[in-house]
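Given next are the chains, with one letter for each unit.
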Amino acid sequence: MKKHVQLLSIIISFVLIVASFPAFSAAGEEGALEVATLDELKAALEHEGGDASDPLIIRLTADIEQTGTTDTTVPSVKAGSYVVIESAKKADGGSYSLIQSGKQVQSKIYNRTAVIKVYGHLTLKDITIDAASSGRAVSVEPGGYLTLESGTLITGGTPVSANIKQGLGVYVAAYAQ
């Protein structure tokens, strides 16, 4: 009986140790589209966005800088797509950023400018979205969904005009989630 109790104790200890390891998603490591430029990011966002259980994963492998944007040049998550944008780890352990460094051109549609627009489902993970001194960082459009996971930083942003001062970090339009 004493040996059975010892064996059971060892098995339970082993299970507890294994259960304490962080969970890793195979989808997070394999099959991610790696991007290092704005053009690569926009091309990756043109892919079909998967579904809720198997989203399209886009991994930044460098800081991506935008220099002035209009409605047609802003990277956008398409309606109906499920996308995760995450950062690869830098050598120093930090994460990469999507940065707006130039002046944004005011949008003709509802005066909304952004570093990235969301019409579908977007999850940001371990990444910085920096609107610097121009416009909004993220604009969640009607029907869009935005999830911020650990390690995500939204920063910067200034009014694009004297009349528009709301939602400088994340703007959520009516009927967005």
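Quick notes on the rules
Residues numbered from 1 in each chain as written. Predicted model: local features only at pLDDT ≥ 70, side-chain atom pairs only at ≥ 80, totals over all residues. Heavy atoms only, no water. Pairing = 2+ DSSP bridges. Helix = DSSP H or I, 4+ residues; strand = E, 2+ residues; numbered from the N terminus. Axes fitted to C-alpha atoms, helices over the stretch in contact; angles between N-to-C directions. pLDDT = per-residue confidence, 0-100. Contact = heavy atoms within 4.5 Å. Buried < 20%, exposed > 50% of the residue type's maximum accessible area, 1.4 Å probe, protein only. Salt bridge = Lys/Arg side-chain N within 4 Å of Asp/Glu carboxyl O.

J.: So, the sheet that holds strand 10 (residues 128–130): which residues are in play, and what are the values?
T.: If you walk across this open sheet you meet the four strands as 4-7-10-13, and the pairing is parallel. Of all the strands in the sheet, just strand 4 (64–66) and strand 13 (153–155) have a single pairing partner and so form its edges. Here the strands of the sheet are splayed against their neighbours by 10 degrees on average, with no regard to which way each runs. Pairing of strand 4 with strand 7 (residues 97–100) involves three bridges; the strand directions are parallel. Looking at the pairing, isoleucine 64 lines up with leucine 98 of strand 7.

J.: Lay out the confidence of the model for the protein chain in plain terms, naming residues and giving numbers.
T.: With 65% of its residues at a pLDDT of 70 or more, the protein chain shows a mean pLDDT of 76. Every residue in residues 21–28 is under pLDDT 50, and counting partners more than four places away or in other chains gives four contacts. Under a pLDDT of 50 for its full length, residues 107–111 has, in the predicted model, 10 contacts with residues more than four places off or in other chains.

J.: Could you give an account of the sheet that holds strand 11 (residues 136–140), naming the residues involved and the relevant values?
T.: With parallel pairing, four strands are arranged side by side in an open sheet as 5-8-11-14. Each of the sheet's edge strands pairs with one partner strand only, and the pair in question is strand 5 (76–77) and strand 14 (170–172). Summarising the sheet, strand 8 (residues 114–118) and strand 11 pair through four bridges and their orientation is parallel. Across the sheet, lysine 117 pairs through a bridge with serine 139, a residue of strand 11.

J.: Please set out the environment of leucine 153 residue by residue, giving values where relevant.
T.: Within the fold, leucine 153 resides in strand 13. Given a relative accessible area of 45%, leucine 153 falls into the partly exposed group. Ignoring any residue separated from it by four or fewer positions in sequence, one finds leucine 153 in contact with Ile127, Thr128 and Ile129.

J.: Before we move on, could you go through the pattern of salt bridges and cite the residues and values that matter?
T.: Counting across every chain of the model gives four salt bridges. Between arginine 59 and glutamate 34 there is a salt bridge whose closest N-O contact spans 3.5 Å. Taken together, the residues span a long stretch of sequence, with arginine 59 in strand 3 (residues 54–60) and glutamate 34 in strand 1 (residues 33–35) at a distance of 25 residues. The buried category is assigned to arginine 59, whose relative accessible area is 10%. On the accessibility criterion, glutamate 34 (53% relative accessible area) is exposed. The closest approach of N and O atoms between aspartate 126 and lysine 89, which form a salt bridge, is 2.6 Å. With aspartate 126 in the loop between strand 9 (121–125) and strand 10 and lysine 89 in the loop between strand 6 (82–87) and strand 7, the pair connects residues that are 37 residues apart, well separated along the chain. Given the relative accessible area of 54%, lysine 89 is considered exposed. Through salt bridges that share partners, Glu34, Arg59 and Glu86 make up one connected network.

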